[in-house]
Amino acid sequence: SQTRYIVSACLAGIACRYDGRANTCPEVQQLVAEGRAIPACPEFLGGLGMPRPPCEIVQGKVVNSNGQDVTQHFLLGAQAATEFAIQQGCTAAILKSRSPSCGYGQIYDGTFGGVLVKGDGIWAALLRQAGIALYSEENLPEDLD
Ligand code: SF4
């Protein structure tokens, strides 16, 4: 049977980014249209509004550009989105690169200066722990058609 994907909602064309825009990725939109992928946005599920200030991870905490600690929102949303992915039978994820929630492998360093460091976003880390295979819009799965 075909792989079922959980995908970052912004890649599916949903305007849930912090700045009120989407990160539309045509391949991801196509998977959703075919019923093979389900969109989710952990920051929205965690109760953060749209638009919202950008956030970065600083020493294990998530802080927005106004200096507010939004770690609990990120954790609750990531947990809800991970449970949803498992409940929906997803075994792989296509996630927005470098997001403090969805990025995997590298994220920003917490200085809001565009500097990348090794690490996973909060949701990506939970999906990885749950054994879900991780891909991004810059590293799409090879068997999409
Ligand atoms: Fe996209 Fe993930 Fe950010 Fe939501 S949390 S806007 S799905 S990158």
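The coordinates are above.
Residues numbered from 1 in each chain as written. Predicted model: local features only at pLDDT ≥ 70, side-chain atom pairs only at ≥ 80, totals over all residues. Heavy atoms only, no water.

1. Quick look at the overall build of the protein chain
Phase 1 of the analysis: The number of helices and strands found in the protein chain is four helices and eight strands.
Phase 2 of the analysis: Across the protein chain, helices and strands are ordered from the amino to the carboxyl terminus as β-α-β-α-β-β-α-β-β-β-α-β.
Phase 3 of the analysis: Judged by the C-alpha coordinates and their principal axes, the protein chain covers about 45 × 30 × 25 Å.
Phase 4 of the analysis: Taking all 145 residues of the protein chain together, 42% fall into the buried category.
Phase 5 of the analysis: For the protein chain, the share of sequence-separated contacts (at least 6 apart) that also reach a separation of at least 24 residues comes to 63%.
Phase 6 of the analysis: Surface accessibility of the protein chain: about 7300 Å² in total, with carbon and sulfur atoms responsible for 50%.
Phase 7 of the analysis: Of the side chains in the protein chain, 10 bear a positive and 14 a negative charge, and the two mean positions are spaced by 3 Å. (Helix = DSSP H or I, 4+ residues; strand = E, 2+ residues; numbered from the N terminus. Buried < 20%, exposed > 50% of the residue type's maximum accessible area, 1.4 Å probe, protein only. Contact = heavy atoms within 4.5 Å. Areas by Shrake-Rupley, 256 points an atom, 1.4 Å probe, with all protein chains shown as cover. Lys, Arg positive; Asp, Glu negative; His and termini not counted. Charge placed at Lys NZ, Arg CZ, Asp CG, Glu CD.)

2. Some words on the pairing of strand E2 (residues 37-40)
Phase 1 of the analysis: As paired strands, strand E1 (residues 5-8) and E2 are joined by four bridges and run parallel to one another. From the neighbouring strand, Val7 faces E2, where its bridge partner is Pro39.
Phase 2 of the analysis: Note that the unit made of E1, helix H1 (residues 26-33) and E2 has a crossover that is right-handed. (Pairing = 2+ DSSP bridges. Right-handed = clockwise from strand over helix to strand, strands pointing away.)

3. Observations concerning the site of the ligand
Phase 1 of the analysis: The local shell around the ligand holds 14 residues, among which Cys10, Cys16, Cys41, Glu43 and Cys102 are the closest.
Phase 2 of the analysis: A class-by-class count of the residues in the shell around the ligand yields seven nonpolar, three polar and four charged. (Near = heavy atom within 4 Å. Nonpolar A, V, L, I, M, F, W, Y, C, P; charged D, E, K, R; others polar.)

4. What to know about helix H3 (residues 71-87)
Phase 1 of the analysis: In this model, H3 (17 residues) spans 24 Å end to end at C-alpha, consistent with the 24 Å of a helix rising 1.5 Å per residue.
Phase 2 of the analysis: Taken together, the buried positions of H3 are Thr71, Phe74, Gly77, Ala78, Ala81, Thr82 and Ala85. In an axial view of H3, the angular spread of the buried residues amounts to 135°, which keeps them on one side of the axis. Exposed residues pointing more than 90 degrees away from the buried face of H3 are listed as Gln72, Glu83 and Gln87.
Phase 3 of the analysis: Summarising the contacts, the buried residues of H3 are in contact with E1, helix H2 (42-45), strand E3 (55-58), strand E4 (61-64) and helix H4 (122-129).
Phase 4 of the analysis: In the stretch just after H3, Gly89 is the one whose phi turns positive, near 75°. (Expected span 1.5 Å × (residues − 1). Arc of directions from axis to C-beta.)

5. Details of the sheet that holds strand E5 (residues 92-95)
Phase 1 of the analysis: Read across the sheet, four strands follow the order E2-E1-E5-E8 without closing on themselves; strand pairing throughout is parallel. A strand with exactly one partner marks an edge of an open sheet, and here the two such strands are E2 and strand E8 (133-136). The average angle at which neighbouring strand axes cross in this sheet is 25°, direction not considered.
Phase 2 of the analysis: Of the pairings in the sheet, the one linking E1 to E5 comprises three bridges and is parallel in character. (Axes fitted to C-alpha atoms, helices over the stretch in contact; angles between N-to-C directions.)

6. What about the environment of Ile107?
Phase 1 of the analysis: For Ile107, the position within the fold is in strand E6 (residues 106-108).
Phase 2 of the analysis: According to the relative accessible area criterion, Ile107 is buried, its value standing at 7%.
Phase 3 of the analysis: Each C-alpha atom, one on Ile107 and one on Gly119, is 5.8 Å from the other, the two residues being twelve residues apart in sequence.
Phase 4 of the analysis: With sequence-adjacent residues up to four places away left out, Ile107 is seen in contact with Ile57, Arg98, Ser99, Val115, Leu116, Val117, Gly119, Asp120 and Gly121.

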